[in-house]
Amino acid sequence: MTLFSNELQNGLVWLPELGMGRYPVPADRPYNEDYFARYQAMADTSMGQQLTAARIQLVMRHYHGPVLDVGIGSGQFVSSYPGALGFDVNPAGVAWLHERNAYADLYASRWRALTMWDVLEHIDDPERAVRQAKEFVFVSLPIFDNAEHILTSRHYRKDEHIWYWTHEGLLMWFEAQGFTCVEHNTIESRLGRDGISSYAFRRK
């Protein structure tokens, strides 16, 4: 059973009962200046601006106050949401935040609200991350039907995406972390992205 054992250690493991899967992304990940520049170029488009506006609207439908944006992408959300701070592991993103006095350490404190736009699936220990939220977690991420859907998806990124969920699986996972879903929408897909859902989770 060597082939089976090797795949368990090195391949995608999907648990249909949980609606959740994991791929062991190597530690050497492509988070660098080129990665940051690519996201800045995508943000500087009509779609990028509409996505940021939709994300701000999602937050403000449920919450008014400071947020920590985890994994800042291009930095556009931090720049657009009043008083937002940011946390990142990409040195280019960290430098961008420090230049604007907007950097904060996710794990040094707890925060009223966290935003995680296309980020949760990248985090090695997402339970530890969402534990830092006192009230809300807002997320957008790819949602899948099953393992076969993952294998054929453009979001199956073996150098970046660790975690994969169905809609029901994500709700179950957040429920286990002590959150309830207060909104789910697919506006990012309607704006032209492929299979992306957005959620607002409130701590119970």
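Residues numbered from 1 in each chain as written. Predicted model: local features only at pLDDT ≥ 70, side-chain atom pairs only at ≥ 80, totals over all residues. Heavy atoms only, no water.

Caption draft 1: Main features of empty space enclosed by the protein. Inspection of every chain in the model, using the stated rule, returns one cavity of 30 Å³ or more. Considered as a void within the structure, the largest cavity measures approximately 30 Å³ in volume. As for the largest cavity, its lining consists of Ala54, Arg55, Leu58, Trp117, Asn185, Ile187, Glu188 and Ser198. Mapped onto the lining of the largest cavity, the elements with two or more residues apiece are helix H3 (46-62) and helix H9 (187-190). At three residues, H3 tops the list of elements feeding residues into the lining of the largest cavity. (1 Å grid on protein atoms, 1.4 Å probe; cavity = no way out; pocket = protein on both sides within 12 Å on 5 of 7 lines; lining within 4 Å. Points joined across faces, edges and corners; volume = space filled by probe spheres on them. Helix = DSSP H or I, 4+ residues; strand = E, 2+ residues; numbered from the N terminus.)

Caption draft 2: Broad picture of the layout of surface pockets. Taken as a whole, the largest pocket holds about 1,000 Å³ of empty space. Along its surface, the largest pocket is lined by 46 residues, and Tyr35, Tyr39, Gly73, Trp117 and Asp118 are the ones closest to its centre. Of all the secondary-structure elements, those providing two or more residues to the lining of the largest pocket are helix H2 (33-43), H3, strand E3 (68-70) and helix H4 (76-80). Considering each element in turn, the lining of the largest pocket owes the most residues, six residues, to H2. Split by residue class, the lining of the largest pocket holds 19 nonpolar, 13 polar and 14 charged. (Nonpolar A, V, L, I, M, F, W, Y, C, P; charged D, E, K, R; others polar.)

Caption draft 3: Examining the nonpolar core more closely. Counting residues in hydrophobic clusters, the biggest one holds 37 residues, and the most contacted among them are Val70, Met116, Leu120, Leu170 and Phe174. Looking at this core, the elements that each hand over two or more residues are E3, strand E5 (111-117), helix H6 (126-130), strand E6 (133-142), helix H7 (147-151), strand E7 (163-165), helix H8 (167-176) and strand E9 (196-203). Here phenylalanine 174 is in contact with Leu120, Val130, Val137, Val139, Phe179 and Phe201, once residues within four sequence places are set aside. By size, the runner-up hydrophobic cluster in this structure holds 13 residues, among which are Ile56, Ala84, Trp117 and Phe138. (Core = buried A, V, L, I, M, F, W, Y, C linked by side-chain atoms within 4.5 Å. Buried < 20%, exposed > 50% of the residue type's maximum accessible area, 1.4 Å probe, protein only. Contact = heavy atoms within 4.5 Å.)

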